[in-house]
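Secondary and tertiary structure notes
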Amino acid sequence: MRLTKLEHAGLLLEDTNKKLFVDPGMFTTPLTEVANTLAIVITHEHPDHWTPEQIERIVSKNPDVQIFGPAGLAQAAPDLPINVVQAGDAVEVGPFRLRFFGGKHAVIHSSIPVIDNVGVLVNDTLFYGGDALDAPEGIEVDLLAAPVGAPWLKIGEAIDYVLAVKPKRTFPVHEMVLSKAGKDMGNDRLKWATEQGGGEYFAVQPNESLDL
């Protein structure tokens, strides 16, 4: 399986010439190479994690694609054929095994409602939590997608998240809201945190890939 990091929260996973997209939102370059997509995972309803235009680009070339997301997303986007998932659910789509965790978005502010959010574990290898710091309990994480910058996040929380999960490998996501200096600082901090658990940090840039 190969992971390609897209901008911000967008991810592409490929296995046996089949594709899975995760959270292609408004900060991700418009998708073009979408043939052979079997599934899309949308962790929550915020537009930096999905837009109708990004989803339509995929659906237009793959009319049978399956879309997975939490109940809040289905309510916010009633025109999308969402397969509603929640913590504890597991599904298989072609070569992709998906297990879901969490349930709620991290708190941004007391004035802003807390929405549904699910994290996903792909093929027991990659864990991506969406906009939350929920870790998959009892699971040794091979590769962790760790958020670097967000209105709901401070870097100390991201460091503690990596320290708690103790992944074998880590790479950054959710960083398009940061300057280059902010991204570099985040990479340094998360590299340190990953190495405390004996893991390796990969400062993957958009459109760079890792073989899993």
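See the structure above.
Residues numbered from 1 in each chain as written. Predicted model: local features only at pLDDT ≥ 70, side-chain atom pairs only at ≥ 80, totals over all residues. Heavy atoms only, no water.

**Some remarks on a nonpolar patch on the surface**
Applicable threshold: Each patch is built from residues that are more than 30% exposed by relative accessible area and take part in no salt bridge. Like charges join if they lie within 9 Å; nonpolar side chains (Val, Leu, Ile, Met, Phe, Trp, Tyr) join within 5 Å. For every accessible area listed, the method is Shrake-Rupley and the probe measures 1.4 Å; residues are considered covered only by the protein chains on display. Salt bridges, as used here, are contacts in which a Lys or Arg side-chain nitrogen is within 4 Å of a carboxyl oxygen on Asp or Glu. In this text, helices come from DSSP runs of H or I with a minimum length of four residues, and strands from runs of E with a minimum of two, each type numbered from the N-terminal end. Exposed residues in this analysis have more than 50% of their type's maximum accessible area, buried residues have under 20%, and partly exposed residues fall in between, with area computed by a 1.4 Å probe over protein chains only.
The grouping of Met26, Phe27, Met176 and Val177 at the surface amounts to a nonpolar patch, some 330 Å² of accessible area in total. Within the secondary structure, Phe27 is located in the loop between strand E3 (18-22) and strand E4 (37-41). The exposure class of Phe27 is partly exposed, given its relative accessible area of 34%.

**A look at the packing of aromatic side chains**
How we decide: Pairs were defined over the aromatic rings of Phe, Tyr and Trp, the Trp ring being its six-membered one, requiring ring centres within 6.5 Å. Orientation was assigned from the angle between planes: stacked under 30 degrees, edge-to-face over 60, tilted for the rest.
Going through the model one piece at a time under the given rule, you end up with two aromatic pairs. Judged by centre distance (6.3 Å) and plane angle (35°), the rings of Phe68 and Phe100 are tilted. Of the two residues, Phe68 sits in strand E5 (residues 66-69) while Phe100 sits in strand E8 (residues 96-104), which places them 32 residues apart along the sequence. Each member of the pair, Phe68 as well as Phe100, is classed as buried. Between the aromatic rings of Phe101 and Phe127, the centroid separation amounts to 5.7 Å while the plane-to-plane angle is 85°, which identifies the pairing as edge-to-face. Residue Phe101 is found in strand E8, and its partner Phe127 is found in strand E10 (residues 126-128); the two are separated by 26 residues along the sequence. Residue Phe101 is classed as buried on the basis of its relative accessible area, which comes to 14%.

**Things to note about the side chain of Thr170**
To keep it simple, the criterion reads: Whenever a nitrogen or oxygen atom comes within 3.5 Å of another N or O atom, the pair is scored as a polar contact, on the condition that within protein one atom can donate a hydrogen and the other can accept it, and that pairs from neighbouring residues in sequence are kept only if both atoms are in side chains. Any two residues whose heavy atoms approach within 4.5 Å at even a single point are treated as in contact.
The topology assignment puts Thr170 in strand E12 (residues 169-173). When its relative accessible area of 0% is taken as the criterion, Thr170 is described as buried. Of the polar contacts made by the side chain of Thr170, one reaches the side chain of Thr194; its length is 2.9 Å. Apart from residues no more than four positions distant in its own chain, Thr170 is found in contact with Leu143, Leu144, Ala146, Val162, Thr194, Glu200, Tyr201 and Phe202.

**What about the environment of Met185?**
Mapped onto the elements, Met185 comes out in helix H4 (residues 180-196). When the C-alpha atoms of Met185 and Gly88 are compared, they prove to be 35 Å apart, with 97 residues separating the residues in sequence.

**Re empty space enclosed by the protein**
Where we set the bar: Only protein atoms enter the 1 Å grid used here. Points where a 1.4 Å probe fits but cannot escape make up a cavity, open sets with protein on both sides within 12 Å along at least five of seven lines make up a pocket, and a residue lines them when an atom lies within 4 Å of a point. Grid points are joined across faces, edges and corners, and a volume is the space filled by probe spheres set on the points. Asp, Glu, Lys and Arg are counted as charged, while Ala, Val, Leu, Ile, Met, Phe, Trp, Tyr, Cys and Pro are counted as nonpolar; the rest, among them Gly, fall into the polar class.
Here the structure, examined in full by the defined rule, presents one cavity of 30 Å³ or more. When its volume is computed, the largest cavity comes out at roughly 40 Å³. Contributing to the lining of the largest cavity are His46, His105, Ala106, Val107, Ile108, Ile112, Pro113 and Val114. The residue makeup of the lining of the largest cavity, split by class, is six nonpolar, two polar and no charged.

**Quick word on the sheet that holds E10**
Here is the rule: Only strands joined by at least two bridges in the DSSP assignment are considered to pair.
Pairing is mixed across the open sheet formed by seven strands, whose spatial order is E7-E8-E9-E10-E11-E12-E13. Only two strands of the sheet have a single partner each, and these edge strands are strand E7 (90-93) and strand E13 (200-201). When strand E11 (residues 143-147) meets E12, the two strands line up parallel, connected through five bridges. Each bridged residue has a counterpart across the sheet, and for Ala146 the counterpart in E12 is Pro172.

Scope: geometric values only; no functional claims are made or implied.
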